[in-house]
Amino acid sequence: MQSQLGITEAQMPLWNAFAQAMRDNAASTDALFTQRANSVVSMSAIDNMHSYAQIARAYADNTERLATAFDSLYASLTDTQKQAADTLFRQQAAAASQPRTRR
């Protein structure tokens, strides 16, 4: 994504903050999923629901932190870079919204 947006040297601190937010989010989500995986076999139904709720809250909080980091980066982009970001995010959203087949 960095190369697709043509991030400049001057924009690197904001890019790095955005990238760090992504890494932090991945680490915290991985930790929650690992914790859940290690205890799911002994969870009661209510424990299972609360564990899932904890993951959903963390995902929402992480997404908000990522959006905040991206706000600053996006504000620093040129109009051409913003158009590239808009297109990239639209393409990703469109791909994610495609129905998935279940087996």
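Residues numbered from 1 in each chain as written. Predicted model: local features only at pLDDT ≥ 70, side-chain atom pairs only at ≥ 80, totals over all residues. Heavy atoms only, no water.

K.L.:
So what exactly am I meant to see when it comes to helix α3 (residues 45-76) here?
P.N.:
The periodicity of an α-helix, 3.6 residues per turn, causes residues three or four places apart in sequence to face the same way. For α3, which comprises 32 residues, the first-to-last C-alpha distance of 47 Å matches the rise-based estimate of 46 Å (1.5 Å per residue) to within 8%. Among the residues making up α3, those that are buried are Ser 51, Ile 55, Ala 58, Asn 62, Ala 69, Phe 70 and Leu 73. Lining the buried residues of α3 we find α2 (12-39) and α4 (79-96). (Helix = DSSP H or I, 4+ residues; strand = E, 2+ residues; numbered from the N terminus. Expected span 1.5 Å × (residues − 1). Buried < 20%, exposed > 50% of the residue type's maximum accessible area, 1.4 Å probe, protein only. Contact = heavy atoms within 4.5 Å.)

K.L.:
Sorry, what's going on with the packing of aromatic side chains here?
P.N.:
Within a pair of aromatic rings, the relevant descriptors are the distance that separates the centres and the angle that separates the planes. Per the counting criterion, the structure on display carries four aromatic pairs. Geometrically, the ring pair formed by Phe 70 and Phe 89 is tilted, given 5.0 Å between the ring centres and 35° between the ring planes. Here the residue Phe 70 occupies a position in helix α3, and Phe 89 occupies one in helix α4, the gap between them amounting to 19 residues. Phe 70 sits in the buried class, given a relative accessible area of 13%. For Phe 89, a relative accessible area of 33% translates into the label partly exposed. A network of ring pairs unites the aromatic residues Trp 15, Phe 18, Phe 70, Tyr 74 and Phe 89 as a single cluster. (Phe/Tyr/Trp six-rings, centres within 6.5 Å; stacked < 30°, edge-to-face > 60°.)

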